[in-house]
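Residue-level structure breakdown
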Amino acid sequence: MLNSKERAYLKKLSSKVEASLQVGKGGSSPEVSEALNELLEKRELVKITQLNNSSENIKDMANVLSERTRSEVVQVIGKKIIFYRKSKENNKITLPK
C-alpha cells in the first residue's frame, strides 16, 4: 500500500511519463494484463490510456488490472491510469520515506 507521500511523489514522476499502453474495446483482457505486467517489470511506473472505443468503466478497469498485475493504482485521471509496482530486478524508482 502506498502512503500519501509516496503517491504524491509517483504522481509527480508520472507527469513526465508518456502513456505506454492503449486499451481499446477489448478492455482489461488477459493480453492487456500481460503487456502491463511486462511494462511494470521494466519501468515500475506505467501510464495507460483508455481509448474512446472502450466501454469499460475506467475505475473498474484500473482495479481489475491492478489485481491481475499485483500493482498499485497511483491515480486515475480522465482516461489515463497510472500504475506502480516495484521491480524484482530493475529498481529504478526510490520512494521517499
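One can find the structure itself at the top, above this paragraph.
The rules behind these values
Once a new chain begins, its residue numbering starts again from 1 and follows that chain's sequence as written. For this predicted model, a pLDDT threshold of at least 70 governs which residues receive local features, and a threshold of 80 or more governs which side-chain atom pairs are given and counted, while totals over whole chains, interfaces and linings are taken from all residues. Side-chain metrics in this entry use all non-hydrogen atoms of the structure; hydrogen atoms and water are not considered. Two strands pair under a simple rule: DSSP has to find at least two bridges between them. Only DSSP runs of H or I reaching four residues or more are called helices, and only runs of E reaching two or more are called strands; each is numbered from the N terminus. The angle between two axes is taken between their N-to-C directions and runs from 0 to 180 degrees, where each axis is a line fitted to C-alpha atoms and a helix contributes only its stretch in contact. Contact definition: two residues touch when any of their heavy atoms are within 4.5 Å. Think of a nonpolar core as a cluster: buried Ala, Val, Leu, Ile, Met, Phe, Trp, Tyr and Cys residues, connected wherever their side-chain atoms sit within 4.5 Å. Remark: exposure states derive from per-residue accessible area (1.4 Å probe, protein chains only) relative to the maximum for the residue type, with buried under 20%, exposed over 50%, and partly exposed in between. Pairs of N or O atoms within 3.5 Å make up the polar contacts considered here, provided that, within protein, one atom can donate a hydrogen while the other can accept it, and that residues adjacent in sequence are counted only when both atoms are side-chain atoms. Salt bridge, as applied in this entry: a Lys or Arg side-chain nitrogen positioned within 4 Å of an Asp or Glu carboxyl oxygen.

Moving on, we come to the sheet that holds strand β3 (residues 72–77). Two strands in a sheet stick together by hydrogen bonds in their backbones, pointing the same way (parallel) or opposite ways (antiparallel). Here four strands make up an open sheet; going across it, the order is β1-β2-β4-β3 and the pairing mixed. The open sheet has two free edges, formed respectively by β1 (21–23) and β3, since each of these has just one partner strand. Across the sheet, the mean angle separating the axes of adjacent strands is 25° when strand polarity is ignored. Sheet topology note: the β3/strand β4 (residues 80–84) ladder contains five bridges and is antiparallel. Bridge pairing in β4 links Gln75 to Ile82. Helix-sheet contacts for helix α2 (residues 30–43) involve β1, β2 (45–50) and β4, and the interaxial angle to β2 is about 150°.

Counting 15 residues, the largest nonpolar core has Leu21, Leu36, Val46, Ile48, Leu65, Ile81 and Phe83 as its most contacted members. Mapped onto this core, the elements with two or more residues apiece are β1, α2, β2, α3 (58–69) and β4. One finds Leu2, Ile82, Tyr84 and Ile93 within the second-largest nonpolar core, a separate group that totals seven residues.

The topology assignment puts Ser54 in the loop between β2 and α3. We classify Ser54 as buried; its relative accessible area is 8%. Within the local environment of Ser54, its side chain forms a polar contact with the side chain of Gln50, the two groups lying 3.0 Å apart. Ignoring any residue separated from it by four or fewer positions in sequence, one finds Ser54 in contact with Val23, Gly24, Lys25 and Met61.

On to the environment of Arg70, then. With respect to the helices, strands and loops of the structure, Arg70 is situated in the loop between α3 and β3. Arg70 sits 14 residues away from Tyr84 along the chain, and the two C-alpha atoms are 9.3 Å apart.

Now for the pattern of salt bridges. A full pass over the atoms with the stated rule returns one salt bridge. Notably, a salt bridge pairs Arg85 with Glu41, separated by 3.7 Å at the nearest N-O pair. Here Arg85, found in the segment after β4, pairs with Glu41, found in helix α2; they are 44 residues apart in sequence, far enough to count as distant. Residue classification places Arg85 among the buried residues on the basis of a relative accessible area of 14%.

None of the figures reported here should be taken as evidence of function without further support.
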